[in-house]
Structure formats: structure tokens, C-alpha cells
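Here's the letter readout for the chains.
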Amino acid sequence: QQQVRQSPQSLTVWEGETAILNCSYENSAFDYFPWYQQFPGEGPALLIAIRSVSDKKEDGRFTIFFNKREKKLSLHITDSQPGDSATYFCAGYNTNTGKLTFGDGTVLTVKP
Amino acid sequence: GGIITQTPKFLIGQEGQKLTLKCQQNFNHDTMYWYRQDSGKGLRLIYYSITENDLQKGDLSEGYDASREKKSSFSLTVTSAQKNEMAVFLCASSISWGVYAEQFFGPGTRLTVL
């Protein structure tokens with residue numbers, strides 16, 4: 001059972017465009033959603049996170065939109081740069097188990 | 001700041017072999033984790049250690065053992081490597097166990113079993 005689903009699997013945008021990465025979850029016990037960015041050959045690094053009490057979290061060019069009723073969230077990257085090319089993982093924190101569950105990731109390519 | 005060091009960076013083993021992966025962190029974090037990452041997939045939790053003398057099984061613990069030798073180090077053993085297995089094993093640490101404790105990841109150990 002895939003508890004966190006991400007779409008699309010891969011996404012290509014041109015430099016300067018907005019990239020939209022989607023995430024959905026099934027477990028109502030998830031109440032905190034970090035997004036991790038991973039470059040090839042490196043471990044993931046926390047990019048931005050949102051609590052379920054909020055519907056939006058912004059940090060520079062990165063914004064999370066959260067819809068608790070539909071159990072969906074999305075990461076918007078505005079003015080995309082080639083350096084943003086990476087794999088992005090959405091994760092959900094389960095308050096009952098104390099563990100993070102990761103989605104399978106979206107591979108983003110930004111073309112100059 | 002701090003860093004997580006994983007050794008070796010690449011590990012090639014034979015089917016049935018016992019293999020050990022090591023992780024060191026200098027953040028002085030209490031909690032450490034081992035995850036497995038298969039190609040095109042998310043991270044799955046193998047073992048974690050909330051504090052220095054603690055050891056907990058994750059969702060994927062079968063076929064693995066772990067050891068928290070001291071606060072700064074956490075080892076993972078593949079008890080019997082499976083033929084054609086390929087995965088990246090990621091070590092992480094966080095200041096404590098809890099929802100807002102950011103996890104910091106090492107660069108990973110890439111395992112290939114012949």
C-alpha cells in the first residue's frame with residue numbers, strides 16, 4: 001500500500017517557468033509534510049516543510065500548497081533554474097508511529 | 001554545522017555474504033537512522049536508534065541487523081546478501097526523535113551483490 005504518492009514521475013520545464021510537483025497521501029495520522037531535494041550521488045536534504053494546520057508555506061521560490069480535506073499537497077518552484085534539477089521527495093510524518101513515509105519522488109529537469 | 005560520513009562509498013559483495021556498512025555523525029545528535037533507497041523509489045526505514053542505547057526495527061528490518069556503538073556511530077549489517085541486489089543505503093541523524101526534528105542524510109553506500 002503506497003501511503004504517499006507523487007506525480008509526475010518526471011517533469012521537464014524551461015528555465016524561468018514554474019514547476020509543479022504533486023503529492024497525495026492516505027493516512028490521516030500524517031500531520032507534517034517535509035519535502036526533500038536530492039542531487040545525484042548525494043543524500044536528500046530538507047527543502048521546505050508544512051504542518052497540517054497550515055494551507056500554504058513559502059520560502060523564496062519554493063511554495064507548498066496543502067489541502068487537508070483532499071489529502072493533497074503540491075510544491076511550486078517559481079522561476080526554475082537549471083540548478084534546481086534534482087529528485088524531489090514528499091514525505092508524511094505519522095504522529096502515531098513517529099516515522100516518516102516517503103513517496104517515490106519526482107525527477108525534475110530544468111532546461112536552460 | 002556537522003557532517004555524516006558513510007563507509008564504504010561503494011560495496012560489492014557475493015551472494016550469501018555478510019556485509020557491514022558504517023555511519024559516523026559529528027552533529028552530536030541523539031537519533032540515527034538507516035534507510036534503503038532502490039532505484040526510482042522512495043526511502044524505506046530499516047532501523048533507527050532514538051538514543052545511544054536504543055535500537056528499533058523499521059519497516060524493512062528483515063535481513064538486517066544494526067548496532068549503535070556509541071552516540072556518534074551507527075552500523076548496519078546485511079546478514080546474507082541477495083544475488084542481483086542493488087540499492088543505496090542512507091544513514092541519517094536528527095537532534096532528537098520527534099516530528100520537527102530535521103533529518104540530515106549522509107551521501108550513501110551503494111551496494112551491488114554479484
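Relevant structure appears above.
Residues numbered from 1 in each chain as written. Chains lettered and ligands numbered in written order. Predicted model: local features only at pLDDT ≥ 70, side-chain atom pairs only at ≥ 80, totals over all residues. Heavy atoms only, no water.

(A) Representation of the overall build of chain B in the model. Secondary structure assignment for chain B yields zero helices and eleven strands. Shown N-terminal to C-terminal, the secondary structure of chain B runs as helices and strands in the order β-β-β-β-β-β-β-β-β-β-β. The C-alpha radius of gyration of chain B comes to 13 Å, within 12% of the 13 Å expected for a compact globule of 114 residues. Referenced to the eigenvectors of the C-alpha coordinate spread, the extents of chain B come out at roughly 40 × 25 × 20 Å. For chain B, the proportion of its 114 residues judged to be buried stands at 47%. Sequence-distant contacts, at least 24 apart, represent 56% of the contacts inside chain B between residues at least 6 apart. Total accessible area on chain B is roughly 5600 Å²; 49% of this is exposed by carbon and sulfur atoms. Of the side chains in chain B, 12 bear a positive and 11 a negative charge, and the two mean positions are spaced by 5 Å. (Helix = DSSP H or I, 4+ residues; strand = E, 2+ residues; numbered from the N terminus. Rg over C-alpha atoms; globule rule 2.2 N^0.38 Å. Buried < 20%, exposed > 50% of the residue type's maximum accessible area, 1.4 Å probe, protein only. Contact = heavy atoms within 4.5 Å. Areas by Shrake-Rupley, 256 points an atom, 1.4 Å probe, with all protein chains shown as cover. Lys, Arg positive; Asp, Glu negative; His and termini not counted. Charge placed at Lys NZ, Arg CZ, Asp CG, Glu CD.)

(B) A look at the packing of aromatic side chains. In this structure the tally under the stated criterion is 15 aromatic pairs over all chains. Between Y33(B) and Y35(B), the ring centres sit 6.1 Å apart and the planes meet at 25°, which makes this aromatic pair stacked. Residues W34(B) and F74(B) carry aromatic rings whose centres are separated by 6.5 Å and whose planes lie at 40° to one another, so their mutual orientation is tilted. With W34(B) in strand β4 (residues 31–37) and F74(B) in strand β8 (residues 73–78), this pair connects stretches of sequence that are 40 residues apart. Classification of F74(B) by relative accessible area gives buried; the value is 0%. Taken together, the ring pairs connect Y36(A), F102(A), Y33(B), Y35(B), Y48(B), W97(B) and F105(B) into an aromatic cluster. In this structure, K111(A) is placed above the aromatic ring of W14(A), and the distance from its NZ or CZ to the ring centre is 5.9 Å. (Phe/Tyr/Trp six-rings, centres within 6.5 Å; stacked < 30°, edge-to-face > 60°. Lys NZ or Arg CZ within 6 Å of the ring centre and 35° of its normal.)

(C) Here's a closer look at the sheet that holds strand β6 (residues 56–59) of chain A. Residue and element names in this part refer to chain A. The five strands lie next to each other as β1-β3-β8-β7-β6, forming an open sheet whose pairing is antiparallel. The strands lining the two open edges of the sheet, one partner per strand, are β1 (4–7) and β6. Neighbour-to-neighbour, the strand axes of this sheet turn through a mean angle of 15°, independent of strand direction. The pairing of strand β7 (residues 62–67) with strand β8 (residues 72–77) spans six bridges and is antiparallel. Residue pairing for β8: F62 is matched across the bridge by I77. (Pairing = 2+ DSSP bridges. Axes fitted to C-alpha atoms, helices over the stretch in contact; angles between N-to-C directions.)

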